[in-house]
Amino acid sequence: MNAPTEFARAVCPHDCPDTCAMRVTVEKGRAIKVAGDPDHPPTQGVLCTKVSRYAERVHHPKRLTTPLKRVGRKGEGSFEPISWDEAFTFAASRLTEITSREPQALLPYSYAGTMGLVQGDSIAQRFFHQLGASRLDRTICAAAGAAGLKYTYGASIGMLTEFFEESELILIWGANPIASNLHFWTRVQEAKRRGARLVAIDPYRSLTAEKCHQHIALRPGTDGAFALGMIHVLIVEDLLDHAYIAGHTLGFDELKARAMTYPPSRVAHICGVEEREIVDLARLYGKTRKAAIRLNYGMQRVRGGGNATRAIACLPSLSGAWRDRAGGLLMSSSGWAPVDAHALQRPDLIPGWPANQPRVVNMNAIGDALLHPGNDVFGPKIEALIVYNSNPVAVAPDSECVAAGFAREDLFTIVLEHFQTDTADYADLLLPATTQLEHFDLHKSYGHTHVMVNQPAIPPVGEALPNTEIFRGIARKMGLQEPALYESDEEVARTALRWSDPAFDGADWDALKQAGWIKLKLPDAPFANGGFRTPSGKCEFVSARLAAEGADPVPDYLPPHESTDGAPELAARYPLAMISPPARNFLNSSFVNVESLRATEGEPHLDMHPGDAALRNIGEGDIVRVYNDRGSMQVRARVTDRARRGVVVGLSIWWKKLAPDGRNANQVTSQALTDLGGSATFYDCLVEVERV
Ligand SMILES: Nc1nc2c(c(=O)[nH]1)N[C@H]1C(S)=C(S)[C@@H](COP(=O)(O)OP(=O)(O)OC[C@H]3O[C@@H](n4cnc5c(=O)[nH]c(N)nc54)[C@H](O)[C@@H]3O)O[C@H]1N2
Ligand SMILES: Nc1nc2c(c(=O)[nH]1)N[C@H]1C(S)=C(S)[C@@H](COP(=O)(O)OP(=O)(O)OC[C@H]3O[C@@H](n4cnc5c(=O)[nH]c(N)nc54)[C@H](O)[C@@H]3O)O[C@H]1N2
Ligand code: SF4
Ligand SMILES: [Mo]
């Protein structure tokens, strides 16, 4: 007899702009199929390949199913099962001992393993705040771009994704949507059918770039110069919307003065492209009414990422593209959602807040923070670390240093995970967390403008618990009394949104819960009549806030830390610029352990231009060593002109222990930060490559 089949509605939790609605087929308490919800407009019934395999991940034989306590050496990954009561007691006694001496000796480390507002940073943040622990600056991905948008538009807001279908010109800039923003690519396909021209700006001929009409393969980290060159042409050839500039922007004269120092001849030299590529694109852009820019995070993982974002963000305000709903720019839509971060995370629980502000550790410098404690830069030594929703030993830059930090015998580390990742190997206490199919959550999106509710579809696998419940369990054993720590997941979700915001159009929590999602009510062309969220209400070419912080108020080009201009001596020793953008079948380091997806990616590769390969006597399929002063890894070379001359590309992020040599691309990346936002500089990395 067939078991009864149930269907549940869920939301894809992954760090992806698409935030799909999922329908889960459940039989006998197991998820047997996960599919895209045909009723959800952004999802259109389709999931990407990875998440179509979500059931395989949820019911993977290697899911963590009980709490585990370390028995072997640090990093060895040997554990024995213990009960939840023992786990909570152990965690509470160690954390009480450490934080009663020095609260800031405890540091959270988390990112976007789930984008859910509840399982992401609600009870967890309240817990750390209540203890007065160190705070983490969550900067590993998008902080430079977010800062660029904040100083220019006032928030992470931009065009509405659906109207790209009507655009006549789409610049796909530092973005690879076929791999990392699939549902946006569907819109682009529609625009193409209607006659739009597609231009990719990317050092690599990505899956997306090869499908565009034109591909401009500039050097990594030179986008700021490219944009200033375009601005130069727009000004010199008077392809400007003077009325828009006069009414809705601030600082045109200062921007003009800056752009005049970037004639196309100079820019061509900086970017390693032809002069006419800049001039022709600027002309086409300036003359097309419905000109849209899909800017994405690939271009801001370099020293000048914040300034480059600002320079590019000026373009639609110069041309007046904002006047049409199919014109403008989208980097992130996350700022449209009226989320009440204060209510979610309760910084007021910090003892002595707001006078007492515990130190902030930038997550990109976790290696240095763990290894070089006690100096002025990092304050008190970090003695306890709780990692959740992240896999830093694989994903954080300068991995040699990160792993050495995690290996400290005097560091007490708790890891909340689905699997025994590279990071979990270093845990003292490894706690099994539920997946999205097993817990409740609330989501906004950074690629569309729906707010969505995730309902649990199946009971927890093994003894797994939601992150929220794990933090409540530790708090209870520590004797913490604060009621905010013990609110239920749904209570947390209910207070997470500012319902009075006009974008909710009178809807409330019950309406959202009932419907599963709400589309925010926003104008089709958000800045057609100005209305930016900056202090001036204008698009700020010149930023008084930046000036007040002692930074350059006008966007400029900053050469990469690691480049001939930025560090000539280093560039002489390490002449190749390495970028390591996401592989299509992984999601950061998630899914690397799903066998079918790993099989599709094959093995770690390095794409290298035939000219660069010949110089080093490297042939297709050779095993090569990629190295610099920070470390090295071995991968298989693919000799291909997908990589431009001088650039090597290693699609990422492999679990180290599932790579043939036990290493990954972050062996060579650096802890240096961006100009604005303190973001990571993964694509600002010089290496040399040799045949093994
Ligand atoms: N399949 C899949 N999807 C994902 C992810 C994943 O791992 N796998 N990760 C998710 C996450 S966390 C994020 S942040 C997004 C990332 O997705 P995107 O925001 O699209 O960013 P990246 O994929 O890092 O880079 C996009 C493109 O930028 C190019 N690029 C690198 N350096 C430069 C540069 O200096 N200038 C320019 N113009 N281009 C450059 C890269 O070659 C790449 O093709 O994707 C999300 N979606
Ligand atoms: N070389 C290189 N390095 C990079 C990048 C790159 O392009 N190149 N990209 C960077 C970027 S953009 C980002 S965003 C970061 C991403 O780095 P991370 O945010 O660390 O992302 P993942 O590697 O996917 O690891 C997320 C982990 O969270 C776990 N997880 C998921 N859901 C839950 C949950 O509900 N509870 C708990 N406890 N755990 C959960 C997953 O099992 C997974 O192991 O990596 C960065 N690192
Ligand atoms: S990873 Fe992105 S495209 Fe894939 S299902 Fe999730 S939200 Fe959709
Ligand atoms: Mo990211």
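For the structure itself, look to the data block above.
Now for a look at the structure at hand. As the structure is a prediction and not an experimental result, all values here were calculated from the model.

**Here we look at the site of ligand 2**
At step 1: Around ligand 2, the surrounding shell holds 30 residues, and the nearest of these are Arg 57, Ser 390, Glu 417, Ser 589 and Ser 590.
At step 2: A distance of 3.0 Å separates a nitrogen atom of ligand 2 from a polar side-chain atom of Asn 389.
At step 3: In this structure, a nitrogen atom belonging to ligand 2 sits 2.9 Å away from a main-chain N or O atom of Leu 416.
At step 4: Protein contacts shield 97% of the accessible area of ligand 2, which totals 920 Å² for the unbound molecule.
At step 5: The residue inventory of the shell around ligand 2, partitioned by class, reads eleven nonpolar, 15 polar and four charged.
At step 6: Two domains each put at least three residues into the shell around ligand 2: domain 2 (68-140 + 338-519) and domain 4 (568-691).

**Describing the site of ligand 3**
At step 1: Neighbouring ligand 3 are Cys 12, Cys 16, Asp 18, Thr 19, Cys 20, Leu 47, Cys 48, Val 51, His 183 and Leu 587.
At step 2: For the shell around ligand 3, a count of residues per class yields seven nonpolar, two polar and one charged.

**Thoughts on the pattern of salt bridges**
At step 1: In total, this model carries 48 salt bridges according to the counting rule given.
At step 2: Between Glu 190 and Arg 194 there is a salt bridge whose closest N-O contact spans 2.9 Å.
At step 3: Take Glu 190: its relative accessible area is 21%, and that puts it in the partly exposed class.
At step 4: Residue Asp 410 pairs with Lys 381 through a salt bridge whose shortest N-O separation is 2.7 Å. On the criterion of sequence distance, the pair formed by Asp 410 in the loop between helix 17 (399-406) and strand 16 (412-417) and Lys 381 in the loop between helix 15 (366-371) and strand 15 (384-388) is long-range, its members being 29 residues apart.
At step 5: Judged by its relative accessible area of 36%, Lys 381 falls in the partly exposed class.
At step 6: The network of salt bridges with shared partners includes Glu 165, Arg 187, Glu 190, Arg 193 and Arg 194.

Cut-offs and rules
- Residues numbered from 1 in each chain as written.
- Chains lettered and ligands numbered in written order.
- Predicted model: local features only at pLDDT ≥ 70, side-chain atom pairs only at ≥ 80, totals over all residues.
- Heavy atoms only, no water.
- Near = heavy atom within 4 Å.
- Polar contact = N/O pair within 3.5 Å; in protein donor to acceptor, adjacent residues only side chain to side chain.
- Areas by Shrake-Rupley, 256 points an atom, 1.4 Å probe, with all protein chains shown as cover.
- Nonpolar A, V, L, I, M, F, W, Y, C, P; charged D, E, K, R; others polar.
- Domains from an automatic or database assignment.
- Salt bridge = Lys/Arg side-chain N within 4 Å of Asp/Glu carboxyl O.
- Buried < 20%, exposed > 50% of the residue type's maximum accessible area, 1.4 Å probe, protein only.
- Helix = DSSP H or I, 4+ residues; strand = E, 2+ residues; numbered from the N terminus.

Interpretation in functional terms is not warranted from these geometric data alone.
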